[in-house]
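Analysis of the macromolecular model
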Amino acid sequence: MVFILLTLVFLLMRVAPGNPILAALGGHLSHAQLLERERAAGYDKPLIVQYGEYLKQVLTGHLGTTLTDHRPVTQVIAQNGAATLELTVAAMFVALIVGVPLGMLAGRMRDTWIDTGARIFGIVIYAAPVFFLGLLAQELFGHILNWLPTSSESGVLVQATLTPHTNILLIDAMIDGQWGDIPDLLAHLVLPAGTLGLVISGVVLRLVRVNVIQTMKGDYIEAARARGLKERSVVVRHAFRNALVPIVTVSGLQAALLLSGAVLTEETFNWPGIGSELIYYLGARDYIAVQGIIIVFALAVVAISLLIDLINAWIDPRVRY
Amino acid sequence: MATTLLPGEFESGAVPGMGPGDERLRGLHRAIAPLMAVHGLPRWLFWTGATITLVFVVLAVFAPEIAPYGYNQYVAHGIRFPQQAPPSAVHWLGTTVVSEDVYSRVIFGARTSIEVVVLALMFSVVIGVPLGLISGYFGGWLDRVLVLINDSIFAFPYLLLAIVIAFLLSSSVGGGVLTAAIAITVVYIPQYFRVVRNTVLSVREEPYVEAGRALGAKPRTVIRRYVFANVVHSVPVVASLNAADAILTLAALSFLGIGMDPSVAAEWGYDISRGIADAQAGFWWTGLFPGLAVILLVTGLTLVGEGINDTFNPLLRRPNHRRFAMPKDAREATTAAVEMERPVVRVRDLRVWYATDRGPVRAVDGVSFEIRERETLGLVGESGSGKSTLGRGILGLLPVGAIRDGSVDFEGRDLVKATQQEMRHLRGPSIGLVFQEPMTRLDPLMRISDHFAEALHTHEPDISDAEIRRRSLEALGGVRIPPTRFHNYPYEFSGGMRQRIMIALALVLKPRFVIADEPTTALDVLVEAQILSIIADLKNNFDTALLLITHNLGIVAESCDRVAVMYAGRIVEQGAVADIFSRPEHPYTQELMRSTISLSTRKLHYIPGAPPDLAAPPSGCRFHPRCPQAMEVCRAKEPVGIEIRPSHLAECWLHGPQEEIPPDGRRPLEREEIGIADEA
C-alpha cells in the first residue's frame, strides 16, 4: 500500500504542468540557470528513469532539499512533524475522553433523552468545520474571556529557551527539567487540541454507541445476566469490553480524518505543524517539499494501522497467537 | 404513494407483468416504503434533516431571487455599503471588510456548495459504480489492482488528496466550482467502488446464481437484478453521508484558499477564513453566519443519511412495539388437581406476552406445572410453541416490552412479583440456566477461569481465590474438562466442550433448579449423549430439579421422569413419561409421536399445517385447525384440563368434561380449513 501511495504521489507531482523547478523558481532565475537546475535534478531524463530514482531515494530516506528555502525535507519532517504529533495525540486524547463515555452512556440508555442528546451532539459537532469551531474557541477563550493563547505552539520566551531534543516541546521541557515552561506549553495546546479533539469525539461517540448497542444484544450478555451478575459488571466488563474490538478497528480508519483535521487546525491556530508547512510549500509551489510531506502522511497512515493491529491483539485473545 | 406496502412485500423475485421500467419504479418504492413506516425519534430526525436540506436546496436554486444583493456587490443605487457594519435592518447579517452583504454571501454560498456537491456526487457515482461492477464481475488481476488502488486512496487522508488535486487543477485550469468538484470526486470514488464491488462479489457466490447457471439461465440477468436492488438501498446512504462530508471538504479547501477562486463564487469556508482575522478585531458576524450555515446543512444531510441507514440496517432497526395491557385471565386454573409433595417449583397460570408491532404475541398463555427435587420434567413442542420463552419467563429474563402474569412459586417466594434485585440474587445460586447455543454464550474476551471467578465472587463476595479454584476445578472435573484448560479462552474449545463448561458454570453455584434450554440441539449425536449423561448425573448428585426443554422425544424418553407437551403457548398434555409414551391422549401428542423417526419408520409422517400465529391464535382449542379429530366444540370453546388418570392431564374436548360440550358439539368439524392452513 505504501508503494501504491508513493507511485500516486509521484504521478500527481509529474502531471502538473511544467516541471517543479519551473513552477517554483520560474521568474526568479535566468533561463540558463533554470536549465542547469533542471538537469541537476534529473528532470530531463525519461519519466520511468525518474520514477526509479525517486523510489530509490525515498526508500533510502533521501527526500531531497526544499527548492525554495533549501531546508532538507527530513528536517522539515522532524521539526514540524513533531508539532503535528503532539497536536494529534493530544486531540485523540480529548476525543476519547469525551466520545467514549458519552457513546457508552448513549448506547446503554438507548432511546432515552440522554441518547437523543448525545446523538445530536455527535452529529452537530461532526458537522462543524474544525476551523469554524476554532474561530468560536478563539473568540470565546482568547478574546472575550482572555484565558488562553490562540496562536502558535509556545510563548516567545519559552521558544527561545528550549533546547530541541525530540522537537516535541512538552517532552523537551521535561528532559531539561524546565518545569516552569510546561504551563505555557499546555496553555498553547489546549485550544487546538480541544477543538480538533471535540470534532473527532463526534465520530467516536457514534462509533461507540452503535457498537455498545450491538454487543448488548450478544448471547453472552444474556448468559451473564442468567448467572445473576450485577447489571453494572454485565455492562462494563462484558458489553463495553467486547464493543471495544470493533471500535478500535474502525477508529483506525478515522486516522485519515484526524490527519486531515490536523492540517486545518494547524492553519487555524498557527500551529507550526507539518500540515501548515504543506500549505505553505504548496503556495510556494515547492514540489519537493510537498512530495516529502505527503510521503510522511502516507507512512503515518500505515503506522497507525499497524498500531491498531497491536492494540486489537492486546484486547482480543483470538487475534493473538 | 407506496405507503401501503408492507416491508418485505416484494422480497421475492419478479412480479409478473412488470416491464423493466416498472422494475425501476418498484425498486424506488421498495426504497421509500420503509422510510414511511419508520416511527418515533428516527422518523423525527430524518424529516428534520430532509427539511433542512430542502431549505438549502431552495436557497441554492433561487439564490439570485432570495438574496437582496449579489455575492460580491458592494454598491446599490450608487451608494457604497458601509464597511464592516454590524447586523442591521438594511444588512441583516452585517457587511464584510470589502462592504459585501453577509446575508447575500451566505445564500450564494449555499448555491456554490450545492453545485459542487451535486457535481461531485454525480461524477463519483458515474465513475465509481461502473468501476465496481467491472471489478466485481470480471475479477482476476484487474480486480486486484483496482482494489489496491482504491484501498490506498481510501486510507489516505482525504483532505490532503483533495488539496493536492485542487491545487494542481487550479494552477492549470483555474479555480472554480468544477475544479473543486473534481478534487472532491476523486476522494469519494472508492466508496462507491467498494459498495458495488462487494455486492457483485456476494451475488456471484449466491447458490441461486449457481443454480440458475446449472439450469442454463444467464447469470448476468440474476446478477443485474440483485445488484440493482442492493445498489438502490446502499447508494443513497453513502451518497447522503458523502454529501455531508463533501460540504465540509469544500469548506476546508476554500478555507485554505485552494481550488475555489473567491472572485467567481461565494464560499462559506473562504468567508470563515476571513472571519478569523475579523473576529480578532471584534467583527464577529463575518465568520459566524457562514459557519452556522455549514453546520446546519451538514447536520441536515447527516440526519437524512442516518435516517436511511437506521431504516435499512437490520442491526439498528427497532420495531415499533405497541404497548398493551394484559387482560386478567378468565380461565380456571387447569392443573390444580395434581398434588405432589414439596415441589421445588410450582408454576401457576404463567403467561408471557411479547409486544410487537402487530400487537401482543401470546408466547406463553396460561401454563401450570410443578417439579420436585431430583425430578426432570421434559418440555416438548414444535419450534415457536413458547418453550424457550417459558424457561426465560421463569427467570424473568425477558426483552423490553414483554409482560408476565400468573405465579412462579420457588421456595415459598413468587418470582413473578420479585424485584429485579431479588431475581438477580436468585439467578445462579438458586436457579441455573443452560442455553441452546454454547458457541456464543461465553464472553470471547474472558478466560474460563475469569468466568468462574466472576460468578462465584458475585454471589459469595467473601470467597477466597483458593476456594474459587477448588470449586471451579471440581465443577469442571464433573463435566470432564481437565484442570490444564482452566485458564484457556473460549475460542480454544469445541462446541461440546463449551456446553460442558456452561453446565459447570451453572453447577458451580449449586442451584436447586436448573433450566436447560435445548442444551444439545447445536451439538452432534455423540456429544449429545455425553451432555445428557452429565445432566442425568447432576440431579442424582445435587438433588437438583430440572426443566429440560427439547423438541427431541428420544431425549425425553431417555432422561426425563415426566413430560409436558406444549402447543401454541399452552401445555396440552402432561404426565409421567411412561404414561404419555404408551398412551398419549391429546391428538397433538399422538401426532407428535407418529412424526418421530425410528428404525421401524417406513414413511415419514408430518402434521399438516403450520403452528399458529400467536398474535392471533385460533379460537377455541388452538390445535383445532390441524387436528384430525376436531369437533364443532373445539372451534367454539377453549378446552378444559382433565385428569385422565392420576397425574396424567390433557386439555382436549375428546376427554370431556361432557357436561360442558353443547348438544351439537361432537359433530366433526368441516375439513376445508386444514387445506388452507396446509398451504400457508
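Everything below is about the structure shown above.
Residues numbered from 1 in each chain as written. Chains lettered and ligands numbered in written order. Predicted model: local features only at pLDDT ≥ 70, side-chain atom pairs only at ≥ 80, totals over all residues. Heavy atoms only, no water.

**Considerations on helix α12 (residues 387-395) of chain B**
With eight of nine residues buried, α12(B) is to be regarded as a mostly interior element. Just beyond α12(B), the residue with positive phi is B:Gly396, at close to 75 degrees. (Buried < 20%, exposed > 50% of the residue type's maximum accessible area, 1.4 Å probe, protein only. Helix = DSSP H or I, 4+ residues; strand = E, 2+ residues; numbered from the N terminus.)

**A word on the sheet that holds strand β8 (residues 431-434) of chain B**
Hydrogen bonding along the main chain pairs the strands of a sheet, whether they run parallel or antiparallel. Residues and elements named next belong to chain B. Read across the open sheet, the eight strands follow the order β8-β9-β10-β5-β11-β12-β14-β13; overall the sheet is mixed. Of all the strands in the sheet, the pair left with one neighbour each is β8 and β13 (641-645). The mean angle between the axes of side-by-side strands here comes to 20 degrees, regardless of whether they run parallel or antiparallel. Summarising the sheet, strand β11 (residues 562-567) and strand β12 (residues 570-576) pair through six bridges and their orientation is antiparallel. When the sheet's bridge partners are listed, Arg-562 is paired in β12 with Ala-576. Of the strands in this sheet, β5 (376-380), β11 and β12 touch helix α20 (residues 587-595), which is tilted by about 105 degrees from β11. (Pairing = 2+ DSSP bridges. Axes fitted to C-alpha atoms, helices over the stretch in contact; angles between N-to-C directions. Contact = heavy atoms within 4.5 Å.)

**So, the interface of chain B and chain A**
With 76 residues of chain B in contact, the opposing surface of chain A contributes 69 residues. Area buried by chain B at its contact with chain A is led by B:Phe167, B:Leu445 and B:Glu454, which between them contribute 10% of it. Linking chain B with chain A are six salt bridges, by the criterion used here. Among the ionic pairs, B:Glu454 bridges to A:Arg237, the shortest N-O distance being 3.0 Å. Ranked by residues supplied to the side of chain B that touches chain A, first place goes to helix α11 (residues 285-312) of chain B with 12 residues. Of the residues contributing to the side of chain B that touches chain A, the split by class is 49 nonpolar, 15 polar and 12 charged. (Buried area = accessible area lost by both parts, 1.4 Å probe. Salt bridge = Lys/Arg side-chain N within 4 Å of Asp/Glu carboxyl O. Nonpolar A, V, L, I, M, F, W, Y, C, P; charged D, E, K, R; others polar.)

**A short note on the pattern of salt bridges**
Enumeration over the complete set of coordinates arrives at 36 salt bridges over all chains. A salt bridge links A:Glu277 to A:Arg71; its shortest N-O distance comes to 3.3 Å. Taken together, the positions of A:Glu277 in helix α14 (residues 274-283) and A:Arg71 in the loop between α4 (47-59) and α5 (73-108) put the pair 206 residues apart, joining distant regions of the chain. Given the relative accessible area of 15%, A:Glu277 is considered buried. Between B:Glu306 and A:Arg206 there is a salt bridge, and its shortest N-O distance comes to 3.1 Å. Of this pair, B:Glu306 sits in helix α11 while A:Arg206 sits in helix α10 (residues 182-216), placing the two residues on different chains. You can call B:Glu306 buried: its relative accessible area is 17%. What emerges from the salt-bridge pattern is a single network uniting A:Asp219, A:Glu222, B:Arg392, B:Glu437, B:Arg441 and B:Asp517.

**Points about the packing of helix α7 (residues 130-144) of chain A against helix α13 (residues 255-269) of chain A**
All names here are of chain A. Packing of α7 against α13 brings their axes to within 9 Å, and their N-to-C directions diverge by 35 degrees. Classified by chirality, the crossing of α13 by α7 is right-handed. Residues Val-130, Phe-131, Gly-134, Leu-135 and Gln-138 of α7 lie in contact with α13, whose contacting residues are Gly-261, Leu-264, Thr-265, Thr-268 and Phe-269. Considering only residue class, the contact of α7 with α13 consists of five nonpolar, five polar and no charged. (Left-handed = near helix turned anticlockwise from the far one by under 90°.)

**Examining a nonpolar patch on the surface**
All names here are of chain B. A surface patch of nonpolar side chains, about 480 Å² in accessible area, is lined by Leu-54, Val-57, Val-58, Val-61, Phe-62 and Ile-66. Per-element accounting of the nonpolar patch gives the leading share, four residues, to helix α2 (residues 40-61). Among the structural elements, Leu-54 can be located in helix α2. The exposure class of Leu-54 is exposed, given its relative accessible area of 56%. (Patch = residues over 30% accessible without salt bridge, like charges linked within 9 Å, V, L, I, M, F, W, Y side chains within 5 Å. Areas by Shrake-Rupley, 256 points an atom, 1.4 Å probe, with all protein chains shown as cover.)

**Some words on unusual backbone geometry**
Residue and element names in this part refer to chain B. Residues other than glycine seldom take positive phi values, yet Arg-374 does so here, at roughly 60 degrees. With respect to the element layout, Arg-374 can be found in the loop between β4 (361-372) and β5. Unusually for a residue other than glycine, Glu-411 sits at a positive phi of about 50 degrees. Mapped onto the elements, Glu-411 comes out in the loop between β6 (403-410) and β7 (413-414).

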